[in-house]
Amino acid sequence: MSELHHFSERSALDSALAAHIAGRLAADIRRRGSASLAVSGGSTPAGMFAALSRQQLAWEQVWITLVDERWVDPDSPDSNEKLVREQLLQNAAAAANFIGLKGSATEAAAGLAEVSARLDPLPLPLTCAVLGMGGDGHTASWFPRASNLAELLDPQGEALLACSDPVTAPHQRITFTLPAILAAGEIIIHITGEEKRAVLAEASDKGYPIAAISEQQDNPASIWWAP
Ligand SMILES: O=C(O)[C@H](O)[C@@H](O)[C@H](O)[C@H](O)COP(=O)(O)O
């Protein structure tokens with residue numbers, strides 16, 4: 001069963017989720033000497049990132065990466081790396097190790113090997129993966145109309161990362177695959193607003209990609225929500 005964490009205010013959600021993630025990271029540092037966190041971009045996580053950046057822990061033992069990235073320069077307003085650098089890698093968390101997912105190649109497919117190699121130092125499995133969700137039921141860059149969606153969601157797939165064309169959203173993407181996320185110590189779905197709660201509730205019936213996370217029981221996700 002998924003654990004539900006509902007809040008009446010987004011600011012309360014941001015603070016509680018940041019404290020929860022920091023606790024998971026600290027526990028993994030105690031257990032294995034290092035910890036890893038994959039975060040999503042988009043508009044939802046900025047407040048949580050700011051709260052997390054102020055948590056006191058051994059950030060130099062923490063590796064942060066992205067669940068998915070748009071294939072744009074890291075200084076583009078659409079870059080998830082830019083968001084993470086500006087909101088999360090600040091304050092105490094400035095000491096964390098960050099691995100971005102945008103490579104130097106023009107096309108995402110041509111840059112996949114380069115970016116995958118960068119992940120070598122990432123402590124695996126991930127301590128924690130924080131997923132957002134779009135109103136179309138996508139999570140990570142698993143978009144409903146992506147031509148390689150079956151490959152991204154193949155539970156037997158061995159790659160950590162894959163490229164994808166969202167079709168219904170801008171920019172080529174590079175994204176963690178379903179098995180890489182399912183291996184995480186904790187999977188968190190972080191969403192806000194009544195509309196997204198309704199989308200999540202009908203994910204299975206509608207066959208949305210988020211259902212590959214929210215409806216599986218092997219590693220139930222915790223759901224963090226505020227209106
Ligand atoms: O790069 C991306 O597009 C994200 O990682 C994506 O999966 C995001 O989490 C959702 O689209 C929700 O985005 P919002 O928070 O903006 O609604």
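Everything numeric in this text was worked out from a predicted model, so none of it was measured. (Residues numbered from 1 in each chain as written. Predicted model: local features only at pLDDT ≥ 70, side-chain atom pairs only at ≥ 80, totals over all residues. Heavy atoms only, no water.)

1. Here we look at empty space enclosed by the protein
Point 1. Here the structure, examined in full by the defined rule, presents one cavity of 30 Å³ or more.
Point 2. Volume-wise, the largest cavity comes out at about 40 Å³.
Point 3. Residue lining of the largest cavity: Ser40, Gly41, Thr44, Pro45, Val130, Leu131, Gly132 and His190, and that is the complete set.
Point 4. Looking at the lining of the largest cavity residue by residue, the classes come out as three nonpolar, five polar and no charged. (1 Å grid on protein atoms, 1.4 Å probe; cavity = no way out; pocket = protein on both sides within 12 Å on 5 of 7 lines; lining within 4 Å. Points joined across faces, edges and corners; volume = space filled by probe spheres on them. Nonpolar A, V, L, I, M, F, W, Y, C, P; charged D, E, K, R; others polar.)

2. Topic: the environment of Ala226
Point 1. Mapped onto the elements of the fold, Ala226 is located in strand β10 (residues 222–226).
Point 2. The sequence separation of Ala226 and Ala38 amounts to 188 residues, and the corresponding C-alpha distance is 21 Å.
Point 3. If near-sequence neighbours (up to four positions away) are discounted, Ala226 is found in contact with Phe7, Glu9, Arg10, Leu13, Ile191, Thr192 and Gly193. (Helix = DSSP H or I, 4+ residues; strand = E, 2+ residues; numbered from the N terminus. Contact = heavy atoms within 4.5 Å.)

3. A few points about unusual backbone geometry
Peptide bonds are, in most cases, trans, and in most cases residues other than glycine have a negative phi.
Point 1. In this model, Leu124 is joined to Pro125 through a cis peptide bond whose omega is -5°.
Point 2. Mapping Pro125 onto the fold places it in the loop between α4 (108–118) and β6 (128–131).
Point 3. Residues other than glycine seldom take positive phi values, yet Asn91 does so here, at roughly 50°.
Point 4. Inspection of the secondary structure puts Asn91 in the loop between α3 (80–88) and β5 (97–99).
Point 5. In this structure Asn91 comes out as partly exposed when scored by relative accessible area, which is 45%. (Buried < 20%, exposed > 50% of the residue type's maximum accessible area, 1.4 Å probe, protein only.)

4. Concerning the packing of aromatic side chains
Point 1. One pass over the full model with this rule turns up one aromatic pair.
Point 2. Ring geometry for Phe7 versus Trp224: centroids 5.9 Å apart, planes at 15°, classification stacked. Of this pair, Phe7 sits in the loop between β1 (3–6) and α1 (10–32) while Trp224 is found in strand β10, placing the two residues 217 residues apart along the sequence.
Point 3. Overall, the relative accessible area of 3% leaves Trp224 in the buried class.
Point 4. Geometry around Trp225 places Arg197 over its ring, the cationic atom sitting 4.1 Å from the centre. (Phe/Tyr/Trp six-rings, centres within 6.5 Å; stacked < 30°, edge-to-face > 60°. Lys NZ or Arg CZ within 6 Å of the ring centre and 35° of its normal.)

5. With respect to the UniProt feature "domain: Glucosamine/galactosamine-6-phosphate isomerase" (unreviewed entry) in the protein
Point 1. Per the UniProt record, "domain: Glucosamine/galactosamine-6-phosphate isomerase" (unreviewed entry) is annotated on residues 10–217.
Point 2. With 37% helix and 17% strand, residues 10–217 has its two end C-alpha atoms placed 27 Å apart. (UniProt positions renumbered as here; feature names shortened; annotations may be inferred.)

6. Points about the environment of Leu83
Point 1. Secondary-structure assignment places Leu83 in helix α3.
Point 2. In this structure Leu83 touches Gly41, Gly42, Pro45, Ala46, Phe49 and Leu88, once residues within four positions along its chain are discounted.

7. Examining the nonpolar core
Point 1. Membership of the largest hydrophobic core comes to 73 residues, with the highest contact counts inside it found for Ile21 and Ile64.
Point 2. A total of seven residues in this core trace back to one element, the largest contributor, which is α1.
Point 3. Excluding residues that lie within four positions of it along the chain, Ile21 makes contacts with Leu37, Met48, Leu52, Cys128, Val130 and Ile188. (Core = buried A, V, L, I, M, F, W, Y, C linked by side-chain atoms within 4.5 Å.)

8. Re the pairing of strand β7 (residues 161–164)
Point 1. Burial along β7 is two-sided: the residues Leu161 and Cys163 and Ala162 and Ser164 are all buried.
Point 2. Strand direction decides the pairing type here: β7 and strand β8 (residues 173–176), joined by four bridges, are antiparallel. Note on β8: the bridge partner recorded for Leu161 is Phe176. (Pairing = 2+ DSSP bridges.)

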